[in-house]
Amino acid sequence: MISLLFRRQLCYDISLHSDIELTKEVFPKIKDKRIIQDSPVYDHISSFAFPEYPVITRQGTELVLSEMEWSLDPVYEKNPVERRKRRTKMADIQSERVLGDTRSYAHRIRQNRCLIPVTGTYEHRAIQGWAKKVPYYIWPKDRKMQFLPGLFQVIESIGPAGEKRQSRSFGMLTRTANELMANIHNDGEFRNRMPLFLTPELEEFWLSEHFNDADIKAVFDFMLPSEALDHRTVFSIRGTKPRPDGKPKYEFWRYENLPPLGDDTPFQAQINLF
């Protein structure tokens with residue numbers, strides 16, 4: 001029996017405010033098969049609405065840029081309400097389960113590899129004595145765009161008129177956090193985890209034409225050092241209230257008396273909320 005359950009983890013919020021055309025500079029021979037060529041620029045994308053998002057896959061000898069829905073679809077669940085509920089927890093894939101749990105769905109689709117173009121990611125930090133968590137934006141130093149590894153699924157179905165249908169979706173791979181990310185993602189059941197950040201060389205390697213389980217393990221064993229990432233506090237992540245200064249969501253927002261990362265001593269002052 002295949003185990004299809006995915007546990008709630010962390011990264012449900014990313015940013016793509018760099019031009020997607022930068023992907024073609026990194027992968028010059030990529031085939032652009034997006035349905036919507038004029039893709040908008042996003043300062044924030046959340047997985048909860050299962051958005052169509054551009055990802056890179058290998059099709060034979062070619063790399064292809066095309067849209068997929070973010071969050072794997074638990075097709076085993078026949079109740080549509082329960083299916084949608086479970087799907088909100090399948091935006092991330094715990095990398096340790098891909099090879100370590102041969103009964104998992106992740107293990108079954110482990111060769112369905114993709115790269116997810118992002119400008120940066122978001123995460124919340126808990127601080128003792130503060131009423132609310134502090135939101136952070138994290139991005140790679142000295143890079144305009146990074147590509148996070150993931151796995152994708154293709155679902156074939158038959159429509160009401162007997163027509164063939166195909167849906168494609170992906171999940172983002174995660175691992176235990178480095179020191180920086182552990183200090184930011186420091187709360188909750190699945191604290192101290194982060195996306196599987198890679199170097200440009202490993203990103204390209206992830207979509208190699210010939211790739212076996214030993215290669216997968218080598219990628220999963222890699223931990224990007226904290227020094228390769230930059231970070232800043234922001235006004236909010238999923239909040240719908242506009243920033244008072246009108247700037248994009250990923251721009252810096254100052255919090256008074258914010259303790260340094262790793263020092264979550266209670267403070268009398270509360271977060272400066274507007």
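Keep in mind that this is a model prediction, so the values were computed, not measured. (Residues numbered from 1 in each chain as written. Predicted model: local features only at pLDDT ≥ 70, side-chain atom pairs only at ≥ 80, totals over all residues. Heavy atoms only, no water.)

## Structural notes on the packing of aromatic side chains
Next, step 1: Taken as a whole and judged by the stated rule, the model has 11 aromatic pairs.
Next, step 2: Ring geometry for Tyr12 against Phe48: centres 5.0 Å apart, planes inclined by 25°, an arrangement best described as stacked. You can see Tyr12 sitting in the segment before β1 (13–16) and its partner Phe48 sitting in the loop between β3 (42–46) and β4 (52–59), a full 36 residues away along the chain.
Next, step 3: Owing to a relative accessible area of 3%, Tyr12 belongs among the buried residues under this scheme.
Next, step 4: On the accessibility criterion, Phe48 (28% relative accessible area) is partly exposed.
Next, step 5: For the ring pair Tyr53 and Phe170, a centre distance of 6.3 Å and an interplane angle of 45° mean the geometry is tilted. (Phe/Tyr/Trp six-rings, centres within 6.5 Å; stacked < 30°, edge-to-face > 60°. Helix = DSSP H or I, 4+ residues; strand = E, 2+ residues; numbered from the N terminus. Buried < 20%, exposed > 50% of the residue type's maximum accessible area, 1.4 Å probe, protein only.)

## What to know about helix α7 (residues 213–220)
Next, step 1: Among the residues of α7, those classed as buried are Asp215, Ile216, Val219 and Phe220. Projected down its long axis, α7 shows its buried positions confined to an angular sector of 135°, all on one face.
Next, step 2: Tucked inside the fold, the buried residues of α7 contact α3 (95–100), β11 (164–176) and α6 (200–206). (Arc of directions from axis to C-beta. Contact = heavy atoms within 4.5 Å.)

## Some remarks on the sheet that holds strand β8 (residues 120–125)
Next, step 1: Strand order in the open sheet formed by five strands is β3-β1-β8-β9-β13, and the pairing between neighbours is antiparallel. Each edge of the open sheet carries a strand with a single partner, namely β3 and β13 (229–233). Across the sheet, the axes of successive neighbouring strands diverge by a mean angle of 30°, strand direction being ignored. (Pairing = 2+ DSSP bridges. Axes fitted to C-alpha atoms, helices over the stretch in contact; angles between N-to-C directions.)

## Observations regarding the pattern of salt bridges
Next, step 1: According to the stated counting rule, one finds 17 salt bridges in the structure shown.
Next, step 2: Measuring nitrogen to oxygen at the nearest pair gives 2.8 Å for the salt bridge that ties Arg87 to Glu69. Placement of Arg87 in helix α2 (residues 80–87) and of Glu69 in strand β5 (residues 62–70) is noted, with a sequence separation of 18 residues between them.
Next, step 3: Judged by its relative accessible area of 8%, Arg87 is buried.
Next, step 4: Among the residues examined, Glu69 registers a relative accessible area of 25% and is labelled partly exposed. (Salt bridge = Lys/Arg side-chain N within 4 Å of Asp/Glu carboxyl O.)

## Structural notes on the nonpolar core
Next, step 1: Grouped together as the largest cluster of nonpolar side chains are 62 residues, with contacts concentrated most on Tyr53, Ile56, Phe170 and Trp206.
Next, step 2: Aside from chain neighbours lying at most four places away, what touches Tyr53 is Ile14, Leu16, Ile45, Ser66, Glu67, Met68, Ile116, Pro117, Val118 and Phe170.
Next, step 3: Residues Tyr122, Trp139, Val234 and Tyr250 belong to the second largest nonpolar core, which totals six residues. (Core = buried A, V, L, I, M, F, W, Y, C linked by side-chain atoms within 4.5 Å.)

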